[in-house]
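Secondary and tertiary structure notes
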Amino acid sequence: MGLFGGSKWNPAGKHCYVTGGSAGLGLSLAVLLASHGAHVSIVARDSRKLQDALGKVESARVSNDQVFRQHSFSVGTAEGASAALQAVMDVHDGLTPDAVFLCAGKSTPKFFVEMTEQDLTEGMTNGYWVQAWTAWAVTKKMVEQQRKGKICFVSSTLGYMSFIGYASYSPPKHALRGLADTLRSELILYDIDVHIFFPPTMFTPGYEEENKTKPKITLKIEEDDSGLQPNQAAAGLLKGIQAGHAHITADLITDLFRSSTRGSAPYHNFIYDSLLDAAARIGLPFWRSQTDGLIRKHKAEHQQYLKQQGFPLR
Ligand SMILES: NC(=O)C1=CN([C@@H]2O[C@H](COP(=O)(O)OP(=O)(O)OC[C@H]3O[C@@H](n4cnc5c(N)ncnc54)[C@H](OP(=O)(O)O)[C@@H]3O)[C@@H](O)[C@H]2O)C=CC1
Ligand SMILES: CCCCCCCCCCCCCCCC(=O)[C@@H](N)CO
């Protein structure tokens, strides 16, 4: 795997644990892994959604031996994430999963001045801790049991860049990148592979939900991103895992930010990444000046909006 090729990671017969597996990206990924012959465990909070989701995973079954389970937990705390992992492991002789896909997460875009203390701290829980605690719990168990494995975080295009409206969401998605880059390095000690996926807009239930609070100007800026269906995003994620990519992308816009924001992460292809980096260097200033212009033009309307909302403007 990796630099010199070799055999692709095959989900068949592997135990895959998907957090956020009851909807959106997580559900599509759970179904995809099942269709490749994996044992799949999904965790989320709402039991009804979990049961429906398990039905969909079941219909992708390719072998009688496959074990599919759903468990209801909140993974936003250390305690919840640890209890969820234990329940997932108990079905498999107490052994750690072969691969963990951290798809749980939530975004609540708003203007920064409208955000409360709770909005900002919950942003960190729903973006960062909701994935970090499971990574922490499962790493300890993998090391204890001396079992290899894979951990895949799910960030966002907004884990590489950001713009108006995402003050509670882009920071935790950037933080996930920091954690993934740290662990990609540190977990070499234990033969644990670490990946992080940076999806663009995905048309999921979560996307419908975030659009309820999303400022109009934010939605307008996102128009440049054509978006992916969750099954396309899940396929891109799996492809990235199989290519051995540390930073996984599934669309051109995010790839531009990946190649131009690479830090210490391994690149995909030296020539392709260099060309993308050059394209971003040339293209991004145009995008930025256009976007900054849109925001400047929005000033008057925004003042009006804040007044209407009862914001104490002098
Ligand atoms: N949709 C988009 O445009 C984009 C999304 N992303 C990221 O991709 C990931 C998946 O997003 P998407 O599919 O849209 O999300 P959805 O809201 O459609 O699904 C989220 C899933 O996570 C579960 N979940 C949320 N919070 C918790 C929690 N505290 N504990 C356990 N389970 C939880 C939900 O179930 P339940 O509520 O029942 O717990 C559900 O199964 C997220 O990390 C998101 O930030 C990244 C880029 C773009
Ligand atoms: C030459 C360079 C051109 C650059 C164009 C840039 C266009 C910006 C697109 C931003 C897309 C944001 C996706 C957010 C997804 C997400 O995470 C939210 N849905 C929250 O869940």
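Please refer to the structure higher up on the page.
In every chain, residue numbers begin from 1 and rise along the written sequence. Note on labels: chains are lettered from A, ligands numbered from 1, in written order. A pLDDT threshold of at least 70 governs which residues receive local features in this predicted model, and a stricter bar of 80 or more applies before side-chain atom pairs are shown or counted, although totals over entire chains, interfaces and linings include all residues.

**Regarding the sheet that holds strand β7 (residues 247-248)**
Read across the open sheet, the seven strands follow the order β3-β2-β1-β4-β5-β6-β7; overall the sheet is parallel. Edge strands, defined here as strands with exactly one partner in the open sheet, are β3 (68-72) and β7. As judged from the two bridges shared by strand β6 (residues 192-197) and β7, these two strands associate in the parallel manner. Residue isoleucine 196 lies in a different strand from β7, and its bridge partner there is histidine 247. Following DSSP output, two strands are said to pair if at least two bridges run between them. The helix count covers DSSP runs of H or I at least four residues long, the strand count covers runs of E at least two residues long, and both are numbered beginning at the N terminus.

**Focus: the packing of helix α9 (residues 252-260) against helix α10 (residues 270-297)**
Interaxial angles span 0 to 180 degrees and are taken between N-to-C directions of axes, which are lines fitted to C-alpha atoms, for helices over the stretch in contact. Look at α9 against α10: their axes get within 8 Å of each other, and the N-to-C directions meet at 100 degrees. Here α10 runs roughly perpendicular to α9, going by the angle between their axes. Listed contacts from α10 to Asp255, Leu256, Phe257, Ser259 and Ser260 of α9 are Asp273, Leu276, Asp277, Ala279, Ala280 and Arg281. Note on residue categories: nonpolar means Ala, Val, Leu, Ile, Met, Phe, Trp, Tyr, Cys or Pro, charged means Asp, Glu, Lys or Arg, and polar means any other residue, Gly included. Considered class by class, the residues forming the contact of α9 with α10 number five nonpolar, two polar and four charged. Working rule for angles: under 35 degrees goes down as roughly parallel, over 145 as roughly antiparallel, 65 to 115 as roughly perpendicular, anything else as oblique. Residue pairs are scored as contacts if the distance between their C-beta atoms, which are placed from the backbone, is within 7 Å.

**Comments concerning helix α4 (residues 117-144)**
In this model α4 runs 38 Å from its N-terminal to its C-terminal C-alpha over 28 residues, within 8% of the 40 Å that 1.5 Å per residue would give. The sharpest bend along α4 measures roughly 45 degrees and falls at tyrosine 128. Here the expected span of a helix is defined as 1.5 Å times the quantity of residues minus one. The quantity called bend is, for any residue, the angle between two axes fitted respectively to the seven residues ending at it and the seven beginning at it.

**What to know about the site of ligand 2**
Using a C-beta atom placed from the backbone, a residue is described as near a molecule or strand when that atom lies within 6 Å of it. Around ligand 2 lies a shell of 17 residues, among which Ser107, Ser156, Asp224, Asp225 and Gly283 are the nearest. When contributions to the shell around ligand 2 are tallied by element, the ones reaching two or more residues are α6 (205-210), α9 and α10. Ranked by residue count, the leading element in the shell around ligand 2 is α10, at three residues. Class assignment for the residues of the shell around ligand 2 results in eight nonpolar, five polar and four charged.

**Quick notes on α10**
Helix length check: α10 (28 residues) gives 40 Å between terminal C-alpha atoms against 40 Å at 1.5 Å per residue, within 8%. Along α10, the sharpest kink reaches roughly 35 degrees, centred on glycine 283 and followed within four residues by the proline proline 285. Here a residue counts as buried when 20 or more other C-beta atoms sit within 10 Å of its C-beta, as exposed when there are 12 or fewer, and as partly exposed otherwise, the C-beta atoms being derived from the backbone. For α10, the buried fraction is low: one of the 28 residues fall into the buried class.

**Things to note about the nonpolar core**
With 68 residues, the main nonpolar core has Leu29, Ala30 and Ile42 as its most contacted residues. Counting residues per element, this core draws most heavily on α4, at nine residues. Once residues lying within four places of it in the same chain are set aside, the contact partners of leucine 29 are Val18, Phe101, Cys103, Ala234 and Leu237. Definition of nonpolar core: a set of buried Ala, Val, Leu, Ile, Met, Phe, Trp, Tyr and Cys residues joined via C-beta atoms within 7 Å.

**Things to note about the environment of methionine 89**
Secondary-structure assignment places methionine 89 in helix α3 (residues 78-90). Between the C-alpha atoms of methionine 89 and serine 41, which are 48 residues apart in sequence, the distance is 9.2 Å. Not counting residues up to four positions away in its chain, the partners in contact with methionine 89 are Gly94, Leu95 and Thr96.

These figures capture arrangement, not role.
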